[in-house]
Every structure is written in structure tokens, then in C-alpha cells.
Amino acid sequence: MHKPLRIAAVTAACAVAGAALYGTGAATAGQSTANSTHEPYNIGLLVKDIDTYYGTTPDANGVYQASPDSPYAKDLARIDASARKYIDQAARKAHHRGEKPAVVFDIDDTLLLSLDYEKRYNYTYNSTTWADYVNKADRPAVFGSPELVQYAEKKGVEVFYNSGLSEAQRSAAVENLKKIGADVNLDADHVFLKDKANPPSYLSGCATPGTWTCTTVQYKSGTRQHIEKDLGYDIVANFGDQYSDLEGGYADRTYKLPNPTYYVS
């Protein structure tokens, strides 16, 4: 399943805070107000805040799009600028030391924007409608993401993808990534998806054929560990829209992209 838990974020302002480099103390997973005892933020007002944050508008085909002039786009631009500077420095250092630098990207709402799905289904999740949406392979890019993928490759940094999408959704994911211009290393050796029927041996602690108990953090950090320890790369940067994309180690630096529409534990 793509996203095991979907709840509206507390406020759109949280997305702005979460856009900061993860690990600096500006934003942490502990900011959730799921256990708060005071009256929650009004959901109708929250939806309006989310629309304002994304600059949400339907295009000529009725597909909800984010505005390139929105606060969301501006937050992404700041992250992108910081990441490019760091990747350039990290790549030069790694190559000087004879190491193999790599970057890891989540896919959903890190590279491919799911705003139309969230808006159309009122920020709820259904496995059938989500699968249909993914299989259309027509999601737009998260602003700047294809260019960042291409930038990393040009700097001699190996690009990997670490996604919660299922193995059955591989062809659609690859097709969609090609459409947006993130056409780098889209083979099975670089695109890691959930294969619950035949999980890889490096996840044997929480997954065996037909039995999957891995949390998001276990699955994603276990995959990064495989990239580093088994494949011999140094992951210089890890990108995701959820804290669970980033926790668990095996990355020199992590970047939290804004996403106020759902939360994955």
C-alpha cells in the first residue's frame, strides 16, 4: 500500500516549518498534535489553508494543480537551492576520496505530486481509487524535482528511488517518472518498491514471503542500509515528504519536503 495512514496535517504552516532541513531542530516528528486534548483546528479552514499554500487551481481539464508562484513552490525552491549546493560539495569530496556517492528519493509527493488525488477525494485514502490514480501515470512533477535528479546525475552521484508503492505499480511509476523528466536509473536495480510476496533478504527481520510486518521506517532504512552496505555507496542525501522517509539512518543528510495533506507514521 502506498500510504498506510492518511490524516490532514495540523496547519499549512507546519509544511513551511517542515520544509527546513530535517535534523536541524526546526522541525521534528514530535510536532504531531494527534494526542492533543484541546479543540483541533477546524477542518474547513484547514482545507482553505492548504489550498492557499499550494495555490490550488483546476486546469482546463479540471485537474487540480499547484501554482508555481505559491508558498509551496517557494519552499521547494529554497530546499532545492540548498540541496544543489550540498550535492555539489559532497560529490567532489566523495570522488576525491574514491567513494561512490548516491542520493535517494522517495517518489510520492517527493517527485510526483498527488495534489489532484488528495483534493478530489477530500484528503482521504482508498486503496482502489489510489491504485487507479497511480496507474494513470499522469501525475505532475513536484516543482524542481526532475531537475534535481538530473543535477545529481550530472555531478556523478548515483540516483536511487525508495518508495512505498507496490511492485505491481512499478511500470506506472517508471512511466510517470519518465514523463516528468526524471529519467535516470529507472531500472529494477535502482527503483526499490514494496514486494510483499517476495521481499528481499535484507528485509528478512520484518518480511518473509507472504508475511510483511515492516514499518515504513524499517522498510526504507533497511533499503538504504542495503544500498550502503551491500552495494557500496555512500548516501550523501535522502529526500522525502514524510519523516518516516528519512528516519532510521544510512544517509549523511536528509531533506524534508513540505506536505500538509497526509501523515505517514
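Fair warning: this is a prediction, and the values are worked out from it, not measured in the lab.

Basis of the calculations
- Residues numbered from 1 in each chain as written.
- Predicted model: local features only at pLDDT ≥ 70, side-chain atom pairs only at ≥ 80, totals over all residues.
- Heavy atoms only, no water.
- Helix = DSSP H or I, 4+ residues; strand = E, 2+ residues; numbered from the N terminus.
- Buried < 20%, exposed > 50% of the residue type's maximum accessible area, 1.4 Å probe, protein only.
- Contact = heavy atoms within 4.5 Å.
- Areas by Shrake-Rupley, 256 points an atom, 1.4 Å probe, with all protein chains shown as cover.
- 1 Å grid on protein atoms, 1.4 Å probe; cavity = no way out; pocket = protein on both sides within 12 Å on 5 of 7 lines; lining within 4 Å.
- Points joined across faces, edges and corners; volume = space filled by probe spheres on them.
- Nonpolar A, V, L, I, M, F, W, Y, C, P; charged D, E, K, R; others polar.
- Disulfide = S-S within 2.5 Å.
- Phe/Tyr/Trp six-rings, centres within 6.5 Å; stacked < 30°, edge-to-face > 60°.

J.: So what exactly am I meant to see when it comes to the overall build of the protein here?
T.: What the protein contains, in helices and strands, is eight helices and 10 strands. The 265 residues of the protein split such that 49% are buried. Once local pairs closer than 6 in sequence are excluded, the contacts in the protein between residues at least 24 apart make up 70%. If you sum the accessible surface of the protein, you get close to 12100 Å²; carbon and sulfur atoms cover 51% of it.

J.: What should I look at first to understand the layout of surface pockets in this one?
T.: It is a probe the size of a water molecule, rolled over the atoms, that shows where empty space is left. Here the second largest pocket is characterised by a volume of approximately 290 Å³. In terms of lining residues, the second largest pocket is bounded by 15 residues, among which Val63, Asp116, Tyr133, Lys136 and Asp138 are the most central. Counting only elements with at least two residues in the lining of the second largest pocket, the list comes to helix H4 (115-120) and helix H5 (127-135). Here the residues of the lining of the second largest pocket are counted per class, giving five nonpolar, three polar and seven charged.

J.: Sorry, what's going on with the state of the cysteines here?
T.: All chains considered together, the criterion is met by one disulfide. Between Cys206 and Cys214 runs a disulfide, and the two sulfur atoms are separated by 1.9 Å. In this structure, the disulfide formed by Cys206 and Cys214 twists by about 85 degrees around the S-S bond and is classed as right-handed. For the residue pair Cys206 and Cys214, the accessibility class agrees, reading buried in each case.

J.: Got a minute to help me understand the packing of aromatic side chains in this structure?
T.: In this description, a pair of aromatic rings is defined by centroid distance and the angle of the planes. For the structure shown, the criterion picks out 14 aromatic pairs. For the pair Phe105 and Phe239, a centre-to-centre distance of 4.8 Å together with 10 degrees between the ring planes defines the contact as stacked. Here Phe239 lies in strand S9 (residues 234-240) and Phe105 lies in strand S4 (residues 101-105), a separation of 134 residues in the sequence. Judged by its relative accessible area of 2%, Phe105 falls in the buried class. On the numbers, 5.7 Å between centres and 40 degrees between planes, the contact of Trp130 with Tyr133 is tilted.

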